Amino acid sequence: MAAYLIKIAQYWLRFIKHEFYFKLNAWTISALVIGLVLFLPMAEVVWHLTMPAESWEHLRDTVLGQYIKGSLILVVGTAALSIFLGVSSAWLVASCKFPGRKFFEWILILPLAIPTYIAAYSYFDLLDKLNPFLIWIRLNISTEAMALVSDAIVYPVTIIVLASVLYPYVYLVARAAFIQQSNQCIEAARTLGHGPHSTFWRTALPLARPAIIGGVSLVIMETLNDYGAVKHFNIPTFTTGIFRTWLSIGDLPGALRLAACLMVLILFLLILEKWLRFGAKFHNNSKSDRPFKPYELGQIKSFLAILCCLFPIIIGFILPISRLAYWASQTIENVIDSNFLILTANSIAIATAASLITVLLAIFLTFTSRYFGSRTINATNRLAILGYAVPGAVIAIGILLLAKQVNQAIGWIMTGSLSMLVLAYVVRFLAVAWQPIDSGMERNCEQINNASRSLGVTAIRSLTKINIPMLRNALVAAGLFVFVDTMKELPLTLILRPFNFETLSTKTFDLAQQAQIPESAVPALCIIIVSLLPLIWLNFQIRNTEK
Amino acid sequence: MKYFLKLSLGLSFLLCVYTSAAELNVYSHRHYDSDAILFKEFTEKTNIKVNVVKGSADQLIQRLVTEGKNSPADVLLTVDAGRLHRAKSAGVLQPVKSKTLRSNVPKSMRDPEGHWYGMTVRSRVIVYSKDRVKTSELSTYESLAKPEWKGRVVARSSSNIYNQSLLASIIAAHGKDKALAWAKAVRKNMARAPRGSDRDQARAVAAGLADVAIMNTYYLGILANSSVAADREVANKVGVFFPNQKDRGAHINVSGGGVTASAKNKKEAIQFLEFLTSAKSQETFGNVNYEYPVKIKNNQSELLKSWGKFKADKVNLSILGANNAEAVKLFDLAGWE
């Protein structure tokens, strides 16, 4: 026993000596501090869980069940529908030959440009369109039946709205997985007498499963983060519950406990995802030298394939965009004024600032962790990127708590300043920039960095002369993603925006809240247009690399 | 290190909003055209620039709490006495004494200690389908809980403060248990799960989905004067009924404002509230946003006159605030989403 303890102590001593004696320098210290500061808002939330929450018993006994039920119905429904839309269209464009396939291949990702709350606004009257049907039930069956149907109908409608703009997360990864699949597997399946159907079900789909699960987990996180759409359709979920408990009941600790429940739910899903993906390591992963031969479709089947690819684009892009465009054309004169130009400039400026700072921090953090091989920095980095899994509303509360403590300690007022809003965006979206930069560095720079270090090149020179030029594409992609996510972000911006400061997303929300949905179409379209540009760029990049 | 500290302090000062003498910083929940017009008039008249942060009142109050004495805000404007009371008990408002304000605002429409003053009045009424409902069927809020209204009522979410204040007034009139039973029964009588705005409730009644809606008066004014023909049609199809005229009167509420505890421009802030409660400004609220003036009898708007005179519930509005959290919990218990 004693020997065992000594062994552990020795291990830790070695670890500490190794980590701190050899690796403590200006780089690692600043990376450590930055990583921890970015984690602070989330730590604040966890820390405040120990506070007594006066309404917790009430919440637990009355609405907690509803929130769990509402969130789960939406998550399960949206995930299932996204898988259906994303996988079916991905399989068609990856494995079949039909007219317009190249066109569908990239246009299927466009709904990604529409935030969930704008999708909800563009379908705001969908439920009202069902009124004649409900009134028919009322007149011909009974008022009770109508009340039951109208209570339940809001769930499928919301699920359709959410999935119609979130399925591209599944589509993107599924398509990439199908294309990269070893053609030996597919052709082996064919030679063993499997037709297209059983090849898909028994070979292609199981092989793509880990990738699809990755895409679905993004869909789930976006669903749980959504505030605007569920608020619009008045579905009790965790996000609406957090706002209600914090602001209506006035019980912040209670709201934080709800946030903690939500975070536990997300953590559970993330672990589940890791666990499900783990199986992937046993699959055949050898790259194919040529893509497998696509199935030639006959006329009728081509027609069906086109319909199948058209459907998600119509409900996720063409319909919302054309409705928004129609409303915008009606109201543009009332909405566009000097204020509108200012808030557009605000949106672009703050998104630019946020994406620049996020990318700079992401490259600094990944570089420091990899170049110095520091496990401590790697760990703090992992903590810092957790922000992406935490809903915007929770991060905003964490930042407010942090600001309160800073204010009490040194009288430095942070609320209502742009710097705080930018900090919040960095916390929320660091992972978005971190992911492409980290994987790019792992693929391209590791060995060169080792070589240059052994040749006595300084860290700063390695970073600026080797890493940054080599990662140029990854950096641009990272910056664009953060930029778009910031433009679209709603709950966090609503809570933290400063004086006289409106962005396109808050303007859209405010107008929609005032039941001026036609007017809200103008800022909504601006967000979508700005978000489209990076998608087009990304598509161009993918095309180039595939060639 | 010292240099760094100084630099960061300096930078933070630059980044934070600083205030100068001829400016007034307003946190406002109100997002109506009438306010923009009045703020502009105020600036023209006094040469004081009005900076506005719009947001939901609850968030603005939380923000005032977090910012503490360093808050840049001078005035908080919001709808609903429940929220004004919440702001007062959160300690973000300060008592103000002004003869003008006291004569502009009747006693029941302001905080006894002067923490907040009412600015406009709205009533939460029953709106009914002219085709399917006779006014003789209607009487009180309480009667909407009766089984004959099964599947005929629509109302918005209980997250909405107007509903919370209505239930708070019922708690004040009948006590907790009866209020809970009322909320449960009305929820059971609903034609659909609560959702949408007050305007959507009127639309549902006009479409034939339900027969009566619980909603605020001024929304009907907005519909009647809408640029959209379908909305004007909705306003034509429904009527306004002021409930409880034979007992305590129709539930009313105010929107109002107060000077923040941290106000750096207190004098200008008081001037601002005096301006908003002046007779002329009160008329603008009525004409542009279809709200009643705080002195309801002084109403000049033709549309509001057409709905007729009514008896208003005289319960002290700060009680609505005191009962608010209880009302939210009762809604939770009643299953009214």
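The structure under discussion appears in the preceding block.
Read on for an overview of the structure. Keep in mind the model is a prediction, meaning the values are calculated, not measured.

A few words on the overall build of chain B. Broken down by element type, chain B carries 15 helices and 9 strands. The C-alpha atoms of chain B give 21 Å as radius of gyration, which agrees with the globular expectation for 337 residues (20 Å, within 12%). Projected onto its principal axes, the C-alpha coordinates of chain B cover approximately 75 × 40 × 35 Å. Taken across its 337 residues, chain B has 61% of its residues classed as buried. Across chain B, contacts joining residues at least 24 apart in sequence account for 79% of those joining residues at least 6 apart. Accessible surface, chain B as shown: approximately 13,500 Å² in total, 55% of it carbon and sulfur. Both charge centroids of chain B, one from 50 positive and one from 31 negative side chains, sit 3 Å from each other.

A word on the overall build of chain A. When helices and strands are counted, chain A shows 26 helices and 2 strands. Taking 2.2 N^0.38 as the reference for a compact globule, 547 residues should give roughly 24 Å; the C-alpha atoms of chain A span a radius of gyration of 25 Å, in line with that estimate. Projected onto its principal axes, the C-alpha coordinates of chain A cover approximately 80 × 70 × 60 Å. When burial is assessed residue by residue, chain A has 56% of its 547 residues classed as buried. Contacts in chain A between residues far apart in sequence, at least 24 positions, make up 85% of those at least 6 positions apart. Surface exposure of chain A reaches about 24,500 Å², of which carbon and sulfur atoms provide 68%. Distance between charge centres in chain A, computed from 41 positive and 28 negative side chains, equals 13 Å.

The subject of this paragraph is the pairing of strand E2 (residues 49-54) of chain B. Relative to E2(B), strand E1 (residues 23-28) of chain B is paired through 6 bridges, and the arrangement is parallel. Pairing of Tyr27(B) across the sheet is with Val53(B), part of E2(B).

All names here are of chain A. A cluster of nonpolar side chains, Met1, Tyr4, Leu5, Ile8, Tyr11, Trp12 and Ile16, forms an exposed patch at the surface whose accessible area comes to about 790 Å². As for its placement among the helices and strands, Met1 is situated in the segment before helix H1 (2-21). Residue Met1 is classed as exposed on the basis of its relative accessible area of 76%.

Turning our attention to unusual backbone geometry. A positive phi angle is found at Asn234(A), which is not glycine, with a value near 50 degrees. Checked against the element boundaries, Asn234(A) lands in the loop between helix H13 (228-233) and helix H14 (238-248). The backbone phi angle of Tyr290(B) is positive, close to 60 degrees, even though this residue is not glycine. Looking at the secondary structure, you find Tyr290(B) in the loop between helix H12 (279-289) and strand E9 (292-293). Relative accessible area serves as the criterion here: at 13%, Tyr290(B) is assigned to the buried category.

Counting 169 residues, the largest nonpolar core has Phe178(A), Ile437(A) and Leu496(A) as its most contacted members. Element by element, the count of residues in this core is highest for helix H20 (residues 418-444) of chain A, at 16 residues. In this structure, Leu24(B), Tyr27(B), Ile161(B) and Leu273(B) belong to the second largest nonpolar core, which totals 110 residues.

Here we come to the interface of chain A and chain B. Each partner contributes residues to the interface: chain A has 44 residues there, and chain B has 56 residues. At the boundary of chain A with chain B, total buried surface from both sides reaches about 4,500 Å², with 54% on carbon and sulfur atoms. For the interface between chain A and chain B, the tally reads 3 salt bridges. Between Arg138(A) and Asp211(B) there is a salt bridge, with its nearest N and O atoms 3.1 Å apart. If you look at where chain A meets chain B, you find 14 residue pairs in polar contact (both at pLDDT 80 or more). The greatest single-element share of the side of chain A that touches chain B, amounting to 6 residues, is contributed by helix H9 (residues 143-152) of chain A.

In this section: the packing of helix H2 (residues 26-47) of chain A against helix H17 (residues 338-371) of chain A. Residues and elements named next belong to chain A. Packing of H2 against H17 brings their axes to within 10 Å, and their N-to-C directions diverge by 125 degrees. The angle between H2 and H17 places the two elements in the oblique class. For the pair H2 and H17, the crossing hand works out as left-handed. Contacts from Trp27, Thr28, Ser30, Ala31, Ile34, Gly35 and Leu38 of H2 reach H17 at Leu361, Phe364, Leu365, Phe367 and Thr368. A class-by-class count of the residues in the contact of H2 with H17 yields 8 nonpolar, 4 polar and no charged.

The subject of this paragraph is the packing of aromatic side chains. Counting across every chain of the model gives 27 aromatic pairs over all chains. Taken together, a centroid distance of 5.7 Å and an interplanar angle of 20 degrees make the contact between Trp27(A) and Phe364(A) stacked. One end of the pair, Trp27(A), is in helix H2; the other, Phe364(A), is in helix H17, with 337 residues separating them in the sequence. Here Trp27(A) matches Phe364(A) in class, with each residue buried. When the ring of Phe242(B) is compared with that of Phe310(B), the centres are 4.2 Å apart and the planes differ by 0 degrees; the resulting orientation is stacked. In this pair, Phe242(B) is assigned in the loop between strand E7 (238-241) and strand E8 (252-259) and Phe310(B) in the loop between helix H13 (302-306) and helix H14 (317-322), connecting sequence segments 68 residues apart. No difference in accessibility class separates Phe242(B) from Phe310(B), as the two residues are buried. An aromatic cluster of three or more residues is present, and its members are Trp27(A), Phe364(A), Phe367(A), Tyr371(A) and Phe372(A). Sitting above the plane of the Tyr371(A) ring, Arg453(A) keeps its charged end 5.0 Å from the centroid.

Here we come to the pattern of salt bridges. Overall, the coordinates contain 30 salt bridges over all chains when judged by the stated rule. Taking the shortest distance from any N to any O, the salt bridge between Lys88(B) and Asp111(B) comes out at 3.1 Å. Of this pair, Lys88(B) sits in helix H4 (residues 81-89) while Asp111(B) sits in the loop between helix H5 (99-104) and strand E4 (117-129), and the two are 23 residues apart along the sequence. Neither residue differs from the other here; Lys88(B) and Asp111(B) are each classed as buried. Residue Arg156(B) is joined to Asp198(B) by a salt bridge in which the shortest nitrogen-to-oxygen separation is 3.3 Å. Taken as a pair, Arg156(B) in the loop between strand E5 (153-154) and helix H6 (161-174) and Asp198(B) in helix H8 (residues 198-207) lie far apart in primary sequence, 42 residues in all. Neither Arg156(B) nor Asp198(B) differs from the other in exposure class; each is buried. Counted as one network, the salt bridges with shared partners bring together Arg138(A), Arg132(B), Glu137(B), Arg152(B) and Asp211(B).

Reading the values: the criteria
Residues numbered from 1 in each chain as written. Chains lettered and ligands numbered in written order. Predicted model: local features only at pLDDT ≥ 70, side-chain atom pairs only at ≥ 80, totals over all residues. Heavy atoms only, no water. Helix = DSSP H or I, 4+ residues; strand = E, 2+ residues; numbered from the N terminus. Rg over C-alpha atoms; globule rule 2.2 N^0.38 Å. Buried < 20%, exposed > 50% of the residue type's maximum accessible area, 1.4 Å probe, protein only. Contact = heavy atoms within 4.5 Å. Areas by Shrake-Rupley, 256 points an atom, 1.4 Å probe, with all protein chains shown as cover. Lys, Arg positive; Asp, Glu negative; His and termini not counted. Charge placed at Lys NZ, Arg CZ, Asp CG, Glu CD. Pairing = 2+ DSSP bridges. Patch = residues over 30% accessible without salt bridge, like charges linked within 9 Å, V, L, I, M, F, W, Y side chains within 5 Å. Salt bridge = Lys/Arg side-chain N within 4 Å of Asp/Glu carboxyl O. Core = buried A, V, L, I, M, F, W, Y, C linked by side-chain atoms within 4.5 Å. Buried area = accessible area lost by both parts, 1.4 Å probe. Polar contact = N/O pair within 3.5 Å; in protein donor to acceptor, adjacent residues only side chain to side chain. Axes fitted to C-alpha atoms, helices over the stretch in contact; angles between N-to-C directions. Parallel < 35°, antiparallel > 145°, perpendicular 65-115°, else oblique. Left-handed = near helix turned anticlockwise from the far one by under 90°. Nonpolar A, V, L, I, M, F, W, Y, C, P; charged D, E, K, R; others polar. Phe/Tyr/Trp six-rings, centres within 6.5 Å; stacked < 30°, edge-to-face > 60°. Lys NZ or Arg CZ within 6 Å of the ring centre and 35° of its normal.

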